[in-house]
Amino acid sequence: LVVNQSGSLSKVNFSSITTIANTTTITLPAGSAPNFVAVTPNQTTAYVTLPNLNEVGVVNTTSNVLTSTITVGSNPYALAVTPDNTKLYVANLGDGTISAFNTVGPSARTISGALTSSPVWLSARSDSQVVYVLEANGTLAYISITSTSGPDTLTESTISVPNATTMIYDGNKNRLYIPGGQ
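Since the structure is predicted, the reported quantities are computational estimates derived from the model, not experimental observations.

Caption draft 1: Summary view of the sheet that holds strand β5 (residues 45-50). One open sheet accounts for 4 strands, arranged β4-β5-β6-β7; its pairing is antiparallel. Because the sheet does not close on itself, it has two edges, and the strands there are β4 (37-39) and β7 (65-71). Between one strand axis and the next, the sheet turns through 25° on average, direction left out of account. Of the strand pairs in this sheet, β5 and strand β6 (residues 55-60) are connected by 6 bridges, and their pairing is antiparallel.

And the structure:
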């Protein structure tokens, strides 16, 4: 899926590694300004941030239809879905919070703990037990997912990567890569 700023998503299917088979447009609410998409590992659902509406759209990737929206904090900016497809985490840049949901329902989850700066990126660990949080000030935090119902626990680490804005988790080597620097 590719995010378009015009209020829609383009779903691109490939017939080979380099050949596009077809493209489908998925309509989103007018003025929603989508800017981030996360697809569940089982590829049946896509979540898209709708920052102008303070919502996350839920897209059925089989029917290519926006099926619902989830109200989140101010200016949702990044998303992470746990590899077991059961939990969704949303970094809300505008109010410096993280929204958390069980994907079934969806139902809200509680997170105890606080950040010192707004979250800018999220990465879920391959065992679905931790979501890493990169803060705007470069601090790395993590959310421990303790049970199906929560509450989850947010902890800031002593690791800081100045000027970092993204990160990626490598599940094969169990490593987190954070590009940044002075």
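Caption draft 2: Spatial organisation of the nonpolar core. Y47, L79, L88, Y89, L122, V131 and V133 are the most contacted members of the largest nonpolar core, which has 27 residues in total. Of all the elements in the fold, those that place two or more residues in this core are β6, β8 (76-81), β9 (87-92), β10 (97-102), β13 (119-124), β14 (130-135) and β15 (139-144). V120, V130, L140 and Y169 belong to the second largest nonpolar core, which has 10 residues in total.

Caption draft 3: Layout of the sheet that holds β14. Spatial strand order, β12-β16-β15-β14-β13: 5 strands in an open sheet with mixed pairing. Where the open sheet ends on each side, the last strands, each with one partner, are β12 (111-112) and β13. In terms of strand pairing, β15 meets strand β16 (residues 152-160) through 5 bridges, oriented antiparallel. Paired with T139 across the two strands is S160, which belongs to β16.

Caption draft 4: Examining the pairing of β13 more closely. Within β13, 5 of the 6 residues are buried, leaving the element largely enclosed by the surrounding structure. Where β13 meets β14, 5 bridges bridge the pair, whose relative direction is antiparallel. By the bridge assignment for β14, S123 is matched with Y132. The antiparallel pairing of β13 with β14 creates a hairpin that spans 5 residues between the two strands, and S128 there sits at a positive phi of about 65°.

Caption draft 5: Region of interest: unusual backbone geometry. With omega at -25°, the peptide bond leading from G105 into P106 counts as cis. A positive phi is found at N54, a non-glycine position, where the angle reads about 55°. Within the fold, N54 resides in the loop between β5 and β6. The exposure class of N54 is partly exposed, given its relative accessible area of 28%. Phi is positive for N64, which is not a glycine, with a value near 60°. Considering the arrangement of structural elements, one finds N64 in the loop between β6 and β7.

Caption draft 6: Region of interest: the environment of G31. Relative to the helices and strands, G31 is located in the loop between β3 (20-27) and β4. Sequence separation of G31 and N52 is 21 residues, and the distance between their C-alpha atoms is 6.8 Å.

Rules and cut-offs
- Residues numbered from 1 in each chain as written.
- Predicted model: local features only at pLDDT ≥ 70, side-chain atom pairs only at ≥ 80, totals over all residues.
- Heavy atoms only, no water.
- Pairing = 2+ DSSP bridges.
- Helix = DSSP H or I, 4+ residues; strand = E, 2+ residues; numbered from the N terminus.
- Axes fitted to C-alpha atoms, helices over the stretch in contact; angles between N-to-C directions.
- Core = buried A, V, L, I, M, F, W, Y, C linked by side-chain atoms within 4.5 Å.
- Buried < 20%, exposed > 50% of the residue type's maximum accessible area, 1.4 Å probe, protein only.

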